[in-house]
Amino acid sequence: MRPGFAVDIDNVVAQAELEVQRIFHELTGKSWPAETYASAGGLDTSNLDPDLIERIFDYFHERSIPTLPLVPGARRVLRQLRKGYRIVLITARRPTARPQTLAWLEEHGIPFDELHHAKDKTDVAEGIVVAVDDHPEHVSDYLEQGVRVFLMDQPWNRAFAAPGATRVSGWDELWQTLSLSPNPAS
């Protein structure tokens, strides 16, 4: 079995942040609070009203997924990575969003071997040796498991630093960094 490369979806493969902010505006009539850099994956730890957060999640999972743009470079780099790794998509999206998620992945030509919906991302797949995520909690969990981690740079994770995590500004930088590594999967 090829080694596993765990990949988050929202704000790593799919551009979700602007849609979350748009939903907030649609539901409240207010601009996104500048101090709330939590993204969809971290809204539950923000100071927003829990009922509003639930409405944002409902809207996002039921209506927004098909409209999300692809993060530049994701498809191309994932195709390259799949030559040496098992691509294991692990998302905190609700399991009820699986049909929309699969349709979005197919529409955008995203190669993958497994798709898991889980809040605890380190418990769902065997043989994960590399991961990319934007959420500090997930990055920390992967590091505790001895996984090599790439942190996809986003405004909400800029104050986060973890020894062992490599911050990258996008897929091209991730690919370049991994390609320069002494032992990338072959």
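Our subject is the structure that appears above.
Residues numbered from 1 in each chain as written. Predicted model: local features only at pLDDT ≥ 70, side-chain atom pairs only at ≥ 80, totals over all residues. Heavy atoms only, no water.

Some thoughts on the pairing of strand E3 (residues 114–117)
Regular strands show a simple pattern: their side chains alternate between the two faces of the sheet.
Then step 1. The pairing of strand E2 (residues 86–91) with E3 spans 4 bridges and is parallel. Its bridge partner being in E3, Leu 89 is matched across the sheet by Leu 115. (Pairing = 2+ DSSP bridges. Helix = DSSP H or I, 4+ residues; strand = E, 2+ residues; numbered from the N terminus.)

Quick notes on the packing of helix H1 (residues 17–28) against helix H3 (residues 50–64)
Then step 1. Here H1 crosses H3 at 120°, and the two axes come no closer than 10 Å. In terms of orientation, H1 and H3 fall into the oblique class. Relative to H3, the crossing made by H1 is right-handed. On the side of H1, the interface is formed by Glu 19, Val 20, Arg 22, Ile 23, Phe 24, Glu 26, Leu 27 and Thr 28, while H3 contributes Leu 52, Arg 55, Ile 56, Tyr 59, Phe 60 and Ser 64.
Then step 2. Residue classes in the contact of H1 with H3 are distributed as 8 nonpolar, 2 polar and 4 charged. (Axes fitted to C-alpha atoms, helices over the stretch in contact; angles between N-to-C directions. Parallel < 35°, antiparallel > 145°, perpendicular 65-115°, else oblique. Left-handed = near helix turned anticlockwise from the far one by under 90°. Contact = heavy atoms within 4.5 Å. Nonpolar A, V, L, I, M, F, W, Y, C, P; charged D, E, K, R; others polar.)

Describing the sheet that holds strand E6 (residues 165–168)
Then step 1. In spatial order, the strands read E3-E2-E1-E4-E5-E6; together these 6 strands make up an open sheet with parallel pairing. Each edge of the open sheet carries a strand with a single partner, namely E3 and E6. On average, adjacent strands in this sheet sit at an angle of 20° to one another, irrespective of strand direction.
Then step 2. Where strand E4 (residues 128–133) and strand E5 (residues 148–152) come together, 4 bridges link them in parallel fashion. Bridge pairing links Asp 133 to Leu 151 in E5.
Then step 3. Lying over the sheet, helix H7 (residues 171–179) contacts strand E1 (4–7), E4, E5 and E6, oriented at roughly 155° with respect to E5.

Quick look at helix H4 (residues 74–81)
Residue pairs three or four apart in sequence face the same way in an α-helix, which turns once every 3.6 residues.
Then step 1. Here H4 has its buried residues at Ala 74, Val 77, Leu 78 and Leu 81. Along the axis of H4, the buried residues cluster in a sector spanning 100°; they form a single face. (Buried < 20%, exposed > 50% of the residue type's maximum accessible area, 1.4 Å probe, protein only. Arc of directions from axis to C-beta.)

Considering the packing of aromatic side chains
Then step 1. One pass over the structure, following the stated rule, counts 2 aromatic pairs.
Then step 2. Each ring, one from Phe 5 and one from Tyr 85, has its centre 5.3 Å from the other, and the planes form 85°; the classification is edge-to-face. Pair noted here: Phe 5 is in strand E1 and Tyr 85 is in the loop between H4 and E2, with a separation of 80 residues, a long-range link.
Then step 3. By relative accessible area, which is 0% here, Phe 5 ends up buried. (Phe/Tyr/Trp six-rings, centres within 6.5 Å; stacked < 30°, edge-to-face > 60°.)

Everything listed is a geometric property; what it means functionally is a separate question.
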